[in-house]
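# Per-entry structural report
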Amino acid sequence: MADSARELADSPESTTVVVIGAGPAGLTVANLLRRSGIDCIVLERRSREYVAQRQRAGIVETRAVRMFDSWGLADRVLGGIPYDGILELRVDGESHLVSDNDGSEGPRARLCPQQVLVQKLTAAYLADGGDLRFEAADVSLHDLTGDRPVVRYRTADGTLRTITCAFVAGCDGDHGISRTAVPEGALTAYAIDHGIGWLTVLADAPPPAHPLLAVSPQGFAAHFPRGPHTSRYYVQCPPDDHPDAWPDTRVWEALRTRLADPGLTAGPITDRETFRLRSLVHDPMQYGRLHLVGDAAHIVSPMGGKGMNLALYDADVFARAVRDSVRDHDDTALRSYSQRCLRRVWNDQEFSHWLTRTLHDAGDDTASGPFHRNLARARLDRLLTSPTAARAFAELMTGLDLA
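Since this is a predicted model, take the numbers as computed values, not measurements.

Turning our attention to the overall build of the chain. Of regular secondary structure, the chain possesses 13 helices and 21 strands. Here the chain has a C-alpha radius of gyration of 22 Å; the compact-globule value for 403 residues is 22 Å, and the two agree. Projected onto the principal axes, the alpha-carbon positions of the chain cover approximately 65 × 45 × 40 Å. Total accessible area on the chain is roughly 17,200 Å²; 49% of this is exposed by carbon and sulfur atoms.

So, in structure tokens, the structure goes:
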């Protein structure tokens, strides 16, 4: 080890919270801690440019908007446009408009692509004097069950740095280092592979009037706005399909058929990938002074748009718990962090699983069979004809208020 690296390793920095990961979860944690007057350092292994352009979810649901509003951050960090709460379900070409308005008052959901949220969270954190370190390599966590955990990493020039802290927020996703720092057997993983694949396509093409989910005998498809001139499409495909199996011509033919829109305007496809729908929950979401936030703790099938929103809720619960501990010397909320978060996680997992099975089983019944297809059709019929079922759906889409 070089003398400079040894000196830094022997003279560690100190902060209250080290946040691993600068996605929506980590940056929300960091911003809320700054608003609470609590110092933290954010470490991100990727470059700022990469993080700012990483594209994922597009709707910040109503409850999450109100969460940001309660911290005085909604106007600063939520870009995009207000979402009118109208979702189109197109079943065998027949259009049905469903509202997610649950009758509650206050700000509504926003159509806000993840990269826009991340860019605005980054700008807000840095403008408030936050410490955000990109290209942090070889991050490792130590002494997580002690009073002062230790985080080590290397800077872009290879210099070893060491930070001691009171808490670590693991916000680095399903494939990050935070969860792997937990000893084997300390967490229980609950996982399911839905046996469904999706092709996702980003294209410079006109967005729909409302987010659109379509059921057809050929399989599921969806069309979402990603900007005034950009759309994100989803097409059900075999779980092990490769993007190369979907040239442009096949993509647009499948979308026109499944969306029952022969005149659907095509546009240049700028990104495409395939993935399997899966769900995963780790219990508990904490180990010693490490608290897992967002995808590091749970993965939700994308149906229903709950993944990013769950990460935002986790961040809120964690930040408030740390504030209680630091300001009031009350660790009650920290001890119950996992229990509180998992209650919402399992509620949203159930809703996402219900919606996933309903919209896929109701279409192509090659895998599910005719019995499950008819069950799914019955669920859709109930949703589209029963005011009570519609209100329950709206409450779940909006985001349950769970104490």
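Attention shifts here to the sheet that holds strand S17 (residues 230–237). The strand order S7-S6-S15-S16-S17-S14-S18-S21 describes an open sheet built from eight strands, whose pairing is mixed. At either margin of the open sheet sits one strand with a lone partner, and together these are strand S7 (94–99) and strand S21 (298–299). Judged from the six bridges that link them, strand S6 (residues 86–91) and S7 form a sheet pairing that is antiparallel. Considered in S7, the bridge of isoleucine 86 is made with serine 99. Here helix H8 (residues 248–258) sits on the sheet and contacts strand S14 (188–203), strand S15 (212–215), strand S16 (221–227), S17 and strand S18 (269–283); the angle it forms with S17, its principal contact strand, is near 85°. Across the face of the sheet, helix H11 (residues 337–361) comes into contact with S6, S14, S15, S17, S18 and S21 while running at roughly 130° to S18.

For helix H2 (residues 24–35), spanning twelve residues, the distance from its first C-alpha to its last is 16 Å, which sits close to the expected 16 Å at 1.5 Å a residue. Every buried residue belonging to H2 is among Pro24, Ala25, Gly26, Leu27, Thr28, Val29, Ala30, Asn31, Leu32 and Leu33, and all of these are buried. One or two positions beyond H2, positive phi appears at glycine 37, with a value near 75°.

Turning to the sheet that holds strand S3 (residues 40–43), a few remarks are in order. With mixed pairing, six strands are arranged side by side in an open sheet as S9-S3-S2-S13-S20-S19. Of all the strands in the sheet, the pair left with one neighbour each is strand S9 (131–133) and strand S19 (286–287). Helix H6 (residues 114–127) contacts S3 and S9 of the sheet and is inclined by roughly 130° relative to S9. Running over the sheet, helix H9 (residues 307–328) touches strand S2 (17–20), strand S13 (167–170) and strand S20 (290–292) and is turned about 175° from S13.

Bringing the packing of aromatic side chains into the picture now. Taken as a whole and judged by the stated rule, the model has ten aromatic pairs. Ring centres of tryptophan 198 and tyrosine 234 lie 4.9 Å apart, and the angle between their planes is 45°; on these two criteria the pair is classed as tilted. With tryptophan 198 in strand S14 and tyrosine 234 in strand S17, this pair connects stretches of sequence that are 36 residues apart. On the basis of relative accessible area, tryptophan 198 is assigned to the buried category, the value being 3%. Geometrically, the ring pair formed by tryptophan 354 and phenylalanine 393 is tilted, given 6.4 Å between the ring centres and 55° between the ring planes.

Mapped onto the fold, serine 368 is located in the loop between H11 and helix H12 (369–385). Of the residues examined, serine 368 reaches a relative accessible area of 19% and is grouped as buried. Beyond its immediate stretch of four places on either side in the chain, serine 368 contacts Asp361 and Arg373.

This next bit is on the environment of aspartate 204. Among the secondary structure elements, aspartate 204 is positioned in the loop between S14 and S15. Remark: the alpha-carbon pair of aspartate 204 and proline 228, spanning 24 residues in sequence, is separated by 9.5 Å. In this structure, aspartate 204 is in contact with His229, Thr230, Gly267, Pro268 and Thr270, ignoring residues within four places of it in sequence.

To continue, consider the state of the cysteines. Using the criterion set out here, one finds zero disulfides in the structure. Free of any disulfide, cysteine 171 has its nearest cysteine sulfur in cysteine 40, 10.0 Å distant. On the basis of relative accessible area, cysteine 171 is assigned to the buried category, the value being 8%.

With that settled, consider unusual backbone geometry. Across the junction of aspartate 283 and proline 284, the peptide omega takes the value 0°, indicating a cis bond. Counting through the fold element by element, proline 284 comes out in the loop between S18 and S19. Within the chain, alanine 260 stands out as a residue other than glycine whose phi angle is a positive 55°. Turning to its location among the elements, alanine 260 is positioned in the loop between H8 and S18. Overall, alanine 260 belongs to the partly exposed group, its relative accessible area being 37%. Positive phi values are uncommon outside glycine, yet histidine 329 reaches one of about 55°.

The next subject is the nonpolar core. Val17, Val29, Leu43, Val60, Phe68, Leu117 and Val151 are the most contacted members of the largest nonpolar core, which has 74 residues in total. Apart from residues lying up to four places away in sequence, valine 60 is in contact with Val65, Leu78, Ala109, Arg110, Cys112, Leu117, Met308, Asn309 and Leu312.

A separate point is the side chain of histidine 291. One can find histidine 291 in strand S20. In this view, histidine 291 contacts Val168, Ala169, Gly170, Met285, Gln286, Phe318, Leu334 and Tyr337; residues no more than four positions away in its chain are not counted.

Conventions used here
Residues numbered from 1 in each chain as written. Predicted model: local features only at pLDDT ≥ 70, side-chain atom pairs only at ≥ 80, totals over all residues. Heavy atoms only, no water. Helix = DSSP H or I, 4+ residues; strand = E, 2+ residues; numbered from the N terminus. Rg over C-alpha atoms; globule rule 2.2 N^0.38 Å. Areas by Shrake-Rupley, 256 points an atom, 1.4 Å probe, with all protein chains shown as cover. Pairing = 2+ DSSP bridges. Contact = heavy atoms within 4.5 Å. Axes fitted to C-alpha atoms, helices over the stretch in contact; angles between N-to-C directions. Expected span 1.5 Å × (residues − 1). Buried < 20%, exposed > 50% of the residue type's maximum accessible area, 1.4 Å probe, protein only. Phe/Tyr/Trp six-rings, centres within 6.5 Å; stacked < 30°, edge-to-face > 60°. Disulfide = S-S within 2.5 Å. Core = buried A, V, L, I, M, F, W, Y, C linked by side-chain atoms within 4.5 Å.

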